Amino acid sequence: MEELKVKHLLGIKELSKEEIQLIFRTASHFKEILNRPIKKVPSLRDVTIANVFFENSTRTKLSFELAEKRLSADVVNFSSSGSSVKKGETLLDTINNILAMKVDMLVIRHASPGAPHFLAKHVDANIINAGDGTHEHPTQALLDTFSINEKFGKVQGKKVAIIGDILHSRVALSNIHALQKLGAQVMVCGPITLLPRHIQKLDVKVELDVRKALEWCDIANVLRIQLERQQIKYFPSLREYSLYFGINKKLLDGLNKEITIMHPGPINRGIEISSDVADSEHSIILDQVENGVAIRMAILYLLAAKRPDYQPELT
Ligand code: CP
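Residues numbered from 1 in each chain as written. Predicted model: local features only at pLDDT ≥ 70, side-chain atom pairs only at ≥ 80, totals over all residues. Heavy atoms only, no water.

Participant: Honestly, the environment of Asn149 in this entry has me stumped. Any pointers?
Facilitator: With respect to the helices and strands, the residue Asn149 is situated in helix α5 (residues 138–152). When the C-alpha atoms of Asn149 and Leu182 are compared, they prove to be 9.7 Å apart, with 33 residues separating the residues in sequence. (Helix = DSSP H or I, 4+ residues; strand = E, 2+ residues; numbered from the N terminus.)

What follows is the structure in structure tokens.
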């Protein structure tokens, strides 16, 4: 059986092109199952998974939980609000207490970059990064590139512009790694204050004019302004940001081509994207969400298959 080389999914940086393609093939299989009347398979029936979220989430949390349940895993959910973290318990103590209850795999979202990497060094369970601060969000990048592959039949050669708050975005970094490994060309676009100073070192094109970015790309992945991570003002007002960097129908109608619109969510309608673009026929935003379940099933299945004590069936 083909398998991942990694024990944990910490970031896209650690995955090879071949491993990403294996995840895609496995996700395609699970997507076919998800479209059957009976969507559940017994593949992870003896595996217990904890979803440990120290930051808010709608899509990632529900998508992981559904993926786990569709694979027949036993699932427990932890949210830092209302937990003993508030009483001063350390991250490692919290995790070790969860793992003491015979948990095999841990899905973690944390505000601190590197938190999943730290845990991977200290615990035996498989760690899956569901977003670590401004660092990486590997499952988001996998579902994004899977969605591009599904729509175009390939990622190789596609021109993808990532537009918005690149500085605070874990989605941007994971997408840059995934797109480049799969042979796409990547551009980042946003106000200069929201572009990391050394972004060129990642071998991406940089554009400050959103119209030029749209003229260049086949696909625009529009990112949210992450106000919750901004300690200072990076632009004068949201109104001004929307005026200069918001993606709206008038802007798209002015291009002499059609481009595909993506967004990882949550959307701030009327700020980085207008409703008539988010809800248009060119938007694949809800396809991304749908594909997230199959991608997460694939990752859970492939990581469980690496456990010495367990050989899950693909079914
Ligand atoms: N895309 C994403 O990570 O969304 P959530 O924060 O709702 O999980």
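Participant: Got a minute to help me understand the nonpolar core in this structure?
Facilitator: Considering soluble globular proteins, one finds that nonpolar side chains tend to be buried as a cluster. Within the largest apolar cluster, 63 residues are counted, with the highest numbers of intra-cluster contacts made by Ile23, Leu44, Ile128, Leu142, Ile162, Ile295 and Leu300. If near-sequence neighbours (up to four positions away) are discounted, Ile23 is found in contact with Leu4, Leu15, Leu142, Ile295, Ala298, Ile299 and Leu302. (Core = buried A, V, L, I, M, F, W, Y, C linked by side-chain atoms within 4.5 Å. Buried < 20%, exposed > 50% of the residue type's maximum accessible area, 1.4 Å probe, protein only. Contact = heavy atoms within 4.5 Å.)

Participant: When you look at helix α11 (residues 285–304) in this model, what are you seeing that I'm missing?
Facilitator: Each α-helix turn comprises 3.6 residues. Residues three or four places apart therefore point the same way. The end-to-end C-alpha distance of α11 is 29 Å, a good match for the 28 Å that 20 residues give at a rise of 1.5 Å each. The sharpest bend along α11 comes to roughly 25°, located at Asn291. Most of α11 sits out of view: 16 of its 20 residues are buried. (Expected span 1.5 Å × (residues − 1). Bend = angle between axes of the 7 residues up to and from the residue.)

Participant: Teacher, can you tell me more about the side chain of Thr145 here?
Facilitator: Here Thr145 shows up in helix α5. When its relative accessible area of 0% is taken as the criterion, Thr145 is described as buried. Reaching out from Thr145, the side chain makes a polar contact with the backbone oxygen of Ala141 at a distance of 2.7 Å. Beyond its immediate stretch of four places on either side in the chain, Thr145 contacts Phe24, Val155, Ala178, Leu179 and Leu182. (Polar contact = N/O pair within 3.5 Å; in protein donor to acceptor, adjacent residues only side chain to side chain.)

Participant: I keep staring at the domain arrangement of the protein chain and nothing clicks. Help me out?
Facilitator: For interface size, the figure often reported is the accessible area lost on association. According to the domain assignment, the protein chain consists of domain 1 (12–136 + 289–304) and domain 2 (138–284). Listed by partner, the interface residues are 29 residues for domain 1 and 26 residues for domain 2. Summing the contributions of domain 1 and of domain 2, the shared interface buries around 2,400 Å²; its carbon and sulfur component is 64%. Considering only the side of domain 1, the residues that lose the most area to domain 2 are Ile12, Phe24 and Thr134, jointly responsible for 26% of the buried surface there. For the interface between domain 1 and domain 2, the tally reads two salt bridges. Put simply, Glu55 and Arg170 hold a salt bridge, and the shortest N to O gap is 3.0 Å. Mapped onto the side of domain 1 that touches domain 2, the elements with two or more residues apiece are α1 (17–34), α2 (59–70), β3 (105–110), β4 (126–132) and α11. The dominant element in the side of domain 1 that touches domain 2, judged by the number of residues it contributes, is α1, at eight residues. In terms of residue class, the side of domain 1 that touches domain 2 is built from 10 nonpolar, 10 polar and nine charged. (Domains from an automatic or database assignment. Buried area = accessible area lost by both parts, 1.4 Å probe. Salt bridge = Lys/Arg side-chain N within 4 Å of Asp/Glu carboxyl O. Nonpolar A, V, L, I, M, F, W, Y, C, P; charged D, E, K, R; others polar.)

Participant: When you look at the packing of aromatic side chains in this model, what are you seeing that I'm missing?
Facilitator: We describe a pair of aromatic rings using the distance from one ring centre to the other and the angle between the two ring planes. Scanning the entire structure with this criterion turns up four aromatic pairs. A ring pair is formed by Phe30 and Tyr301, whose centres lie 5.7 Å apart and whose planes are at 70°; its orientation type is edge-to-face. Highlighted residues: Phe30 in helix α1 and Tyr301 in helix α11, separated in sequence by 271 residues. The two residues Phe30 and Tyr301 agree in class, both being buried. Consider the rings of Phe54 and Phe78, whose centres lie 5.5 Å apart with planes at 50°: the pair is tilted. One end of the pair, Phe54, is in the loop between β1 (48–53) and α2; the other, Phe78, is in strand β2 (residues 74–79), with 24 residues separating them in the sequence. When the ring centre of Phe64 is taken as reference, the NZ or CZ atom of Arg296 above it lies at 5.0 Å. (Phe/Tyr/Trp six-rings, centres within 6.5 Å; stacked < 30°, edge-to-face > 60°. Lys NZ or Arg CZ within 6 Å of the ring centre and 35° of its normal.)

Participant: Would you explain the site of the ligand in this entry?
Facilitator: Every residue near the ligand is listed here: Ser57, Thr58, Arg59, Thr60, Arg109, His137, Gln140, Pro264 and Gly265. One nitrogen or oxygen atom from the side chain of Arg59 is found 3.0 Å from an oxygen atom belonging to the ligand. Between a nitrogen atom of the ligand and a main-chain N or O atom of Pro264, the distance comes to 2.8 Å. Shared between two domains, the shell around the ligand takes at least three residues from each, and those domains are domain 1 (12–136 + 289–304) and domain 2 (138–284). (Near = heavy atom within 4 Å.)

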